[in-house]
Amino acid sequence: MTTSADLLIDGVWRAGGDGRTAPLTSPITGEHLADVVMATADDVDAAVTAAAGPGADAMEAMPPFERAELLHRVADLLTERADELAATLTLEQGKPQHTEAADEVAESAEIFRWAAEEVKRLETPSLPGADPNKLVLTHRKPNGVYALITPWNFPMNIPAELVAPALGGGNSLILKPSEFTPLTAAGMIQAVLDAGFPPSAVHLIHGDATAGAALVGHRRVDGIGFVGSAATAEAIVRSAGLKRTLIEASGNGPQIICDDADLDAAAAAAVYGASFAGGQCCVATERLLVQESVHDEVLERLVHHAATATLGDPRVEGTVIGPLNNQLVAAKVDAHLADARAKGATIVCGGERAGGFPTDLYQPLAIIDGVTTDMLLFTEETFGPVLPITTFRDDDEAIALANDSNLGLQAAVFTSSLKRAFRYVDRVRAGSIVVNDSTDFWEPHPPFGGASRTQSGWGRIGGKYTLLDMTDLRTAVIDIQATRD
Ligand code: NAD
């Protein structure tokens, strides 16, 4: 392990003000990985003060094309260091190293490349004035100092989704990654510094809610980029006041299978959507809505595909599901399964933690049939390898079920009718709707985020959209009278 568990403030990896650390253990083996330095309020203040002073000045003075060049260099470094970063990611997060972790590092490099290219193509409007002597020009300025707060399920991808556009837009930043996955983020930030971004502009602090809250509440922080649970999002928004906020929160993604769908493809996608990242994904298939008339056939195909979702050591080739990341998420999965059992659902497969592993975090894929709308599996985000099935009679009922949630991030519908697909695209409340692929579909550039009237957040992440969110439109009105004869 070559990444540091220290704080990075003003270019120096160092201990915190009070010397406090927290042990980090691997969900795979239970081994002690690091003593992670916990930031104090003074450490947070030191990072923000540097970011708001010399850091902000240095970034604002850096021309966009130079920022783009450095972002490309970050991508090159992540690619060069990919094997080591993927190994670190797996060890602290638990996802399969040779597939998901390797892909995550490659996608993070791609995110830096997207930001680099979008910075160079950031068009802004110019307008005529109603007054013929006036020309209206616009350009984009940095928002200032960003506090970036990220979760543990994609420990490199999500920090990259915020760090790359923040820097591309000319902002300085302080990243606080999840306390469960600090090392991967440290590896990424090291690449950002090695690429040549000013040390005064890029800081890394570690800690839990206390450090996060100190960062959000700091008066010299101008913007907040947050990805995490809806509950934390609410606490952050309450204390953010008038700071700019980009909020990406929880999901409860329905996948809908209509009777005219390719049922085998739909079942395979559902199994993928519940087992990718061990179901610990904001766009996981959290609810499977199946048309009554095809229920039995879909269930049979689900059981068939579930057999390929091998649970095991994620460092070993062929493993599809690694351990859950931590005891908090494991307890939530347990509670949701116990509630479903108590309310009469049928456990088709899985449903218990697997023995014979070094930790008690190994949870095989569970298929739960007969799930009703009063069960926690339906009403809340479970965040584990669980596929709860609820049936519907017609499209109206499917849409009502899909929308029976306070969350609306990404949904999927399987049908062979374009007309039917658009009925769902139009009426299901979600930031994105995938037709004939998994809820887990993701690429780095389309706009992604929570739908309005839900608690999945606001703003859009992805490609140029984060860059637009993290910059401010400056309008210049030019009197051109002097240029006229
Ligand atoms: P979490 O909300 O518990 O923690 C996220 C981050 O917020 C962590 O760094 C944590 O230390 C910090 N934090 C906690 N309390 C805070 C406070 N009061 N003030 C400031 N910071 C605070 O989420 P998690 O368990 O790490 O991640 C899982 C959640 O993230 C799921 O709900 C998932 O759906 C969501 N998520 C959303 C997206 C998306 O793009 N919408 C992507 C990934 C994960």
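The preceding data block contains the structure.
What counts, and at which threshold
- Residues numbered from 1 in each chain as written.
- Predicted model: local features only at pLDDT ≥ 70, side-chain atom pairs only at ≥ 80, totals over all residues.
- Heavy atoms only, no water.
- Pairing = 2+ DSSP bridges.
- Helix = DSSP H or I, 4+ residues; strand = E, 2+ residues; numbered from the N terminus.
- Axes fitted to C-alpha atoms, helices over the stretch in contact; angles between N-to-C directions.
- Buried < 20%, exposed > 50% of the residue type's maximum accessible area, 1.4 Å probe, protein only.
- Near = heavy atom within 4 Å.
- Polar contact = N/O pair within 3.5 Å; in protein donor to acceptor, adjacent residues only side chain to side chain.
- Areas by Shrake-Rupley, 256 points an atom, 1.4 Å probe, with all protein chains shown as cover.
- 1 Å grid on protein atoms, 1.4 Å probe; cavity = no way out; pocket = protein on both sides within 12 Å on 5 of 7 lines; lining within 4 Å.
- Sits in = over half its atoms within 2 Å of the grid points.
- Phe/Tyr/Trp six-rings, centres within 6.5 Å; stacked < 30°, edge-to-face > 60°.
- Lys NZ or Arg CZ within 6 Å of the ring centre and 35° of its normal.
- Patch = residues over 30% accessible without salt bridge, like charges linked within 9 Å, V, L, I, M, F, W, Y side chains within 5 Å.
- Salt bridge = Lys/Arg side-chain N within 4 Å of Asp/Glu carboxyl O.
- Lys, Arg positive; Asp, Glu negative; His and termini not counted.
- Contact = heavy atoms within 4.5 Å.
- Points joined across faces, edges and corners; volume = space filled by probe spheres on them.
- Nonpolar A, V, L, I, M, F, W, Y, C, P; charged D, E, K, R; others polar.

Novice: Before we move on, could you go through the sheet that holds strand β6 (residues 134–142) and cite the residues and values that matter?
Specialist: Ordered by their spatial adjacency, three strands build an open sheet running β5-β6-β20, and the pairing between neighbours is antiparallel. Across the chains shown, the open sheet's two edge strands, defined by having one partner strand only, are β5 (126–128) and β20 (471–479). Between one strand and the next, the sheet's axes are offset by a mean angle of 25 degrees, whatever the strand orientation. When β5 meets β6, the two strands line up antiparallel, connected through three bridges.

Novice: So, the environment of Val320: which residues are in play, and what are the values?
Specialist: Mapped onto the elements of the fold, Val320 is located in the loop between α10 (295–306) and α11 (327–342). Relative accessible area serves as the criterion here: at 28%, Val320 is assigned to the partly exposed category. Sequence separation between Val320 and Gln97 is 223 residues, and the spatial gap between their C-alpha atoms is 9.9 Å.

Novice: Any chance you could break down the pairing of strand β3 (residues 21–25) for me, citing the residues and the numbers?
Specialist: Relative to strand β4 (residues 32–37), β3 runs antiparallel, the two being bridged by five bridges. By the bridge assignment for β4, Ala22 is matched with Val36.

Novice: Got a sec to walk through the site of the ligand? Specific residues and values, please.
Specialist: Neighbouring the ligand are 29 residues; Glu179, Ser229, Thr232, Ala249 and Glu381 lie closest to it. Measuring from an oxygen atom of the ligand, one finds a side-chain N or O atom of Thr232 at 2.6 Å. Taking 860 Å² as the accessible area of the ligand by itself, protein coverage stands at 87%. Using a 2 Å cut-off from the grid points, one finds that the ligand occupies the largest pocket.

Novice: Let's hear about unusual backbone geometry: which residues, and what values?
Specialist: Phi is positive for Ala277, close to 55 degrees, though the residue is something other than glycine. One can find Ala277 in the loop between α9 (263–275) and β13 (287–291). Look at Arg453: it is not a glycine, yet its phi comes out positive at around 70 degrees. For Arg453, the position within the fold is in the loop between β18 (432–435) and β19 (457–458). By relative accessible area, Arg453 is classed as exposed at 71%.

Novice: Could you give an account of the packing of aromatic side chains, naming the residues involved and the relevant values?
Specialist: In this structure the tally under the stated criterion is four aromatic pairs. By way of ring pairs, the aromatic residues Phe154, Tyr272 and Phe276 are connected into one cluster. Directly above the ring of Phe154 sits Lys95, whose terminal nitrogen or CZ lies 3.6 Å from the centroid. The cationic tip of Arg287 hangs over the ring face of Phe378; the distance from NZ or CZ to the ring centre is 4.7 Å.

Novice: Please provide a residue-by-residue account of a nonpolar patch on the surface, values included.
Specialist: A contiguous nonpolar patch, built from Leu418, Phe422, Val425 and Val435 and spanning about 360 Å² of accessible area, is present on the exposed surface. Within the secondary structure, Phe422 is located in helix α14 (residues 418–427).

Novice: I'd like a description of the pattern of salt bridges, backed by residues and values.
Specialist: Scanning all chains against the criterion turns up 26 salt bridges. Where Arg301 meets Glu297, a salt bridge forms, and the shortest distance between an N and an O atom there is 2.7 Å. In this pair, Arg301 and Glu297 both sit in helix α10, four residues apart, roughly one turn of the helix. Between Arg423 and Asp395 there is a salt bridge, and its shortest N-O distance comes to 2.6 Å.

Novice: Report on the side chain of Asp440, specifying residues and quantitative values.
Specialist: By the element assignment, Asp440 lies in the loop between β18 and β19. Of the side chains with opposite charge, Lys95 comes closest to the buried, unpaired Asp440, at an N-O distance of 9.2 Å. Residues contacting Asp440, with those up to four places away along its chain left out, are Tyr272, Gly273, Phe276, Cys281, Val283, Ala284 and Gln410.

Novice: Report on empty space enclosed by the protein, specifying residues and quantitative values.
Specialist: A complete count under the given rule lists three cavities of 30 Å³ or more for this structure. Every residue lining the largest cavity is listed: Ile111, Trp114, Ala115, Glu161, Pro165, Pro444, Gly462, Gly463 and Thr466. Contributing elements (two or more residues each) for the lining of the largest cavity: α4 (97–120), α5 (157–168) and α15 (463–469). Here the element with the most residues in the lining of the largest cavity is α4; it accounts for three residues. By residue class, the composition of the lining of the largest cavity is five nonpolar, three polar and one charged.

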